[in-house]
Amino acid sequence: IDILSLETQFELFQESSCASLKNSILSDEINALADKLSYAENQRGINDADVITLKKYYSLLEIKDYLLMKKVDTRCDVNPIAILYFYTNEESCTECTKQGYVLTKLRADHPELKIYSFDYDLNLNAIKTLTSLYKVSKELPAIVIDGKTYNKFQSIEDIQKIIPALAATSTATSTNSKMK
């Protein structure tokens, strides 16, 4: 029922007007699910069967939202800024943890930024398709911006060079803060 509901929601969003799609309801659902997933991982561990099921649902919902935003961009010319983030939960990937902090900071500073995070090791065909399409290797972390894949850790400054609009709004925000 949840999957059918999600599919129906997705179809409804595709038929909506451009004005009503700027902040999709899917984004709210994704954020709520992200909080539940984080809590479940902390309480039950990342290898718990229920946590893995929740993570798969979360990943599919993110992919649906990403596809919806791409359609909105094409139809409504809103040019959303999106980053696909691929990580692993292996303890040897300290860079993945650092990349997560950088992306969290960027999202806090830029609410318009859409960040979709995917566990590279999650056994889900949709993620395997994404990694294949964007040629994401096991060299993690990896981010995809405008169809281009960047392997290894990317600092805030690196990402601002890739997405100049973020640097421009950061400069404007810090200038406005200093003026007050």
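Preceding this paragraph is the structure being described.
Residues numbered from 1 in each chain as written. Predicted model: local features only at pLDDT ≥ 70, side-chain atom pairs only at ≥ 80, totals over all residues. Heavy atoms only, no water.

A. The arrangement of the side chain of Asp-119 in detail. Here Asp-119 shows up in strand S2 (residues 113–119). At a separation of 3.3 Å, a polar atom in the side chain of Asp-119 contacts the side chain of Asn-89. Among the polar contacts listed, one links the side chain of Asp-119 to the backbone nitrogen of Asp-121, at a separation of 3.0 Å. In this view, Asp-119 contacts Lys-55, Tyr-87, Thr-88, Asn-89 and Ile-127; residues no more than four positions away in its chain are not counted. (Helix = DSSP H or I, 4+ residues; strand = E, 2+ residues; numbered from the N terminus. Polar contact = N/O pair within 3.5 Å; in protein donor to acceptor, adjacent residues only side chain to side chain. Contact = heavy atoms within 4.5 Å.)

B. Inspection of the pairing of strand S3 (residues 142–145) at higher detail. Going residue by residue along S3, you find Ala-142 and Val-144 tucked away on one face and Ile-143 and Ile-145 tucked away on the opposite face as well. Relative to S3, strand S1 (residues 81–87) runs antiparallel, the two sharing 4 bridges. Paired with Tyr-85 across the bridge in S3 is Ile-143. Where S3 folds back on strand S4 (residues 148–151), the antiparallel hairpin that results is connected by 2 residues, among which Asp-146 adopts a positive phi of roughly 50 degrees. (Buried < 20%, exposed > 50% of the residue type's maximum accessible area, 1.4 Å probe, protein only. Pairing = 2+ DSSP bridges.)

C. Focus on the environment of Glu-90. With respect to the secondary-structure elements, Glu-90 resides in the loop between S1 and helix H4 (94–109). For Glu-90, a relative accessible area of 41% puts it in the partly exposed group. Remark: the alpha-carbon pair of Glu-90 and Asp-121, spanning 31 residues in sequence, is separated by 9.2 Å. Setting aside chain neighbours within four positions, we find Glu-90 in contact with Asp-121 and Lys-138.

D. Inspection of the pattern of salt bridges at higher detail. Applying the stated rule across the entire model yields 10 salt bridges. Note that Asp-50 and Arg-44 form a salt bridge whose closest N and O atoms lie 2.6 Å from each other. Judged by relative accessible area, which is 48%, Arg-44 ranks as partly exposed. Across the pair Asp-119 and Lys-55 runs a salt bridge, and its minimum N-O distance is 3.0 Å. Of this pair, Asp-119 sits in strand S2 while Lys-55 sits in helix H3 (residues 49–76), and the two are 64 residues apart along the sequence. For Asp-119, a relative accessible area of 7% puts it in the buried group. (Salt bridge = Lys/Arg side-chain N within 4 Å of Asp/Glu carboxyl O.)

E. Quick peek at the sheet that holds S1. A sheet is described by the order of its strands in space; here 4 strands give the open sequence S2-S1-S3-S4, paired in mixed fashion. This sheet does not close on itself; its edge strands, each paired only once, are S2 and S4. The sheet shows a mean angle of 20 degrees between the axes of neighbouring strands, taken without regard to direction. Against the sheet, H4 makes contact with S1, S2 and S3, and its axis sits at roughly 160 degrees relative to S1, the strand it touches most. Sheet strands touched by helix H5 (residues 125–133): S1 and S2. Its angle to S1, the strand with the most contacts, is close to 110 degrees. (Axes fitted to C-alpha atoms, helices over the stretch in contact; angles between N-to-C directions.)

F. The arrangement of the state of the cysteines in detail. Evaluation of the coordinates by the stated rule reveals 1 disulfide. Shown here is the disulfide that connects Cys-93 with Cys-96, its sulfur atoms set 1.9 Å apart. What sets the handedness of the Cys-93 and Cys-96 disulfide is the S-S torsion sign, and at about 75 degrees it is right-handed. Take Cys-93 and Cys-96: they sit in the same class, and that class is buried. (Disulfide = S-S within 2.5 Å.)

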